[in-house]
Amino acid sequence: MSSTATFMSSTAASSAASSSAPASSTAASSAASSSAPASSGTSAAASGAPVDALTGVSAIPDGGSLVVKVGGEPIALARKGNDVLAFTAVCPHQQCTVGSAGATLQCPCHGSEFDAFTGAVLQGPAKVPLAAIPVKVQGDQVVRA
Ligand code: FES
């Protein structure tokens, strides 16, 4: 939930950046597009987060899961203490985005259910597990490994 707010604020920041420099539109648009990752980095830096952070460790419920969107990619995170695992949140059945349901991940489209800590299928129709995404904990943030 908090990551949604992060994306909303970075969207607001980039639209503010593009509307604040109408005089040199070419320079403004190239600056805006090249600064898009930097602006999310700026807001992350303001909170002390690494630029490539997926989310804060504490945002993931201990013993549970959280689904975030990073660069448009839905990622399911699960945490036990300071150990964090990540999987694609794209259902292998027909590519719906799965949602967090405690220690499981549930697909709203046809009811597939996955173990949030292993990605394994607990209930079909999906037949293959969610693919793992290598991550590590860096400070209080989860980053790609
Ligand atoms: S798309 Fe997930 S169960 Fe069908």
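A few points on the structure. One numbering rule holds for all chains: residues counted from 1, following each sequence as written. Only residues with pLDDT of at least 70 are given local features in this predicted model, and only at 80 or more are side-chain atom pairs given and counted; all residues enter the totals for whole chains, interfaces and linings.

1. Topic: the environment of Asp140
Next, step 1: Helical segments are the DSSP runs of H or I of at least four residues, strand segments are the runs of E of at least two, and each set is numbered from the N terminus. The topology assignment puts Asp140 in the loop between strand E10 (135-138) and strand E11 (141-144).
Next, step 2: Burial in this document is a count-based property: other C-beta atoms within 10 Å of a residue's C-beta are tallied, and the residue is buried at 20 or more, exposed at 12 or fewer, or partly exposed in between, with C-beta positions derived from the backbone. Using a count of 14 C-beta atoms within 10 Å as the deciding quantity, one classes Asp140 as partly exposed.
Next, step 3: Between the C-alpha atom of Asp140 and that of Gly56, which follows or precedes it by 84 residues, the distance is 5.8 Å.
Next, step 4: For every residue pair, C-beta atoms are placed from the backbone, and the pair is scored as a contact if these atoms sit within 7 Å. Ignoring sequence-local partners within four residues, the contact set of Asp140 consists of Gly56, Val57 and Ser58.

2. Brief notes about unusual backbone geometry
Next, step 1: The linkage connecting Gly124 with the following residue, Pro125, adopts the cis geometry, with an omega of 20°.
Next, step 2: In this structure, Pro125 sits in the loop between strand E8 (121-123) and strand E9 (132-133).
Next, step 3: Although it is not a glycine, Gln95 sits at a positive phi angle of roughly 70°.

3. Here we look at the sheet that holds strand E1 (residues 53-56)
Next, step 1: Strands are treated as partners if at least two bridges between them are detected by DSSP. Across the sheet, which stays open at both edges, the three strands sit in the order E1-E11-E10 with antiparallel pairing between neighbours. Single-partner strands in this sheet number two, and they are E1 and E10. Taking each pair of neighbouring strands and ignoring which way they run, the sheet shows an average axis angle of 30°.
Next, step 2: Note that E10 and E11 share four bridges and pair antiparallel. Looking at E11, one finds that Val135 is bridged to Arg144. For helices, the fitted line uses only the C-alpha atoms of the stretch in contact; every axis is such a line through C-alpha atoms, and the angle between N-to-C directions lies from 0 to 180 degrees.

4. Details of the sheet that holds strand E6 (residues 104-106)
Next, step 1: A sheet is described by the order of its strands in space; here four strands give the open sequence E5-E6-E7-E8, paired in antiparallel fashion. On the outer flanks of this sheet lie strand E5 (99-101) and E8, each paired with one strand and no other. When strand polarity is set aside, the average angle formed by the axes of neighbouring strands in this sheet is 35°.
Next, step 2: Where strand E7 (residues 113-115) lies against E8, two bridges are found, and the strand directions are antiparallel. Paired with Glu113 across the strands is Gln123, a residue of E8.

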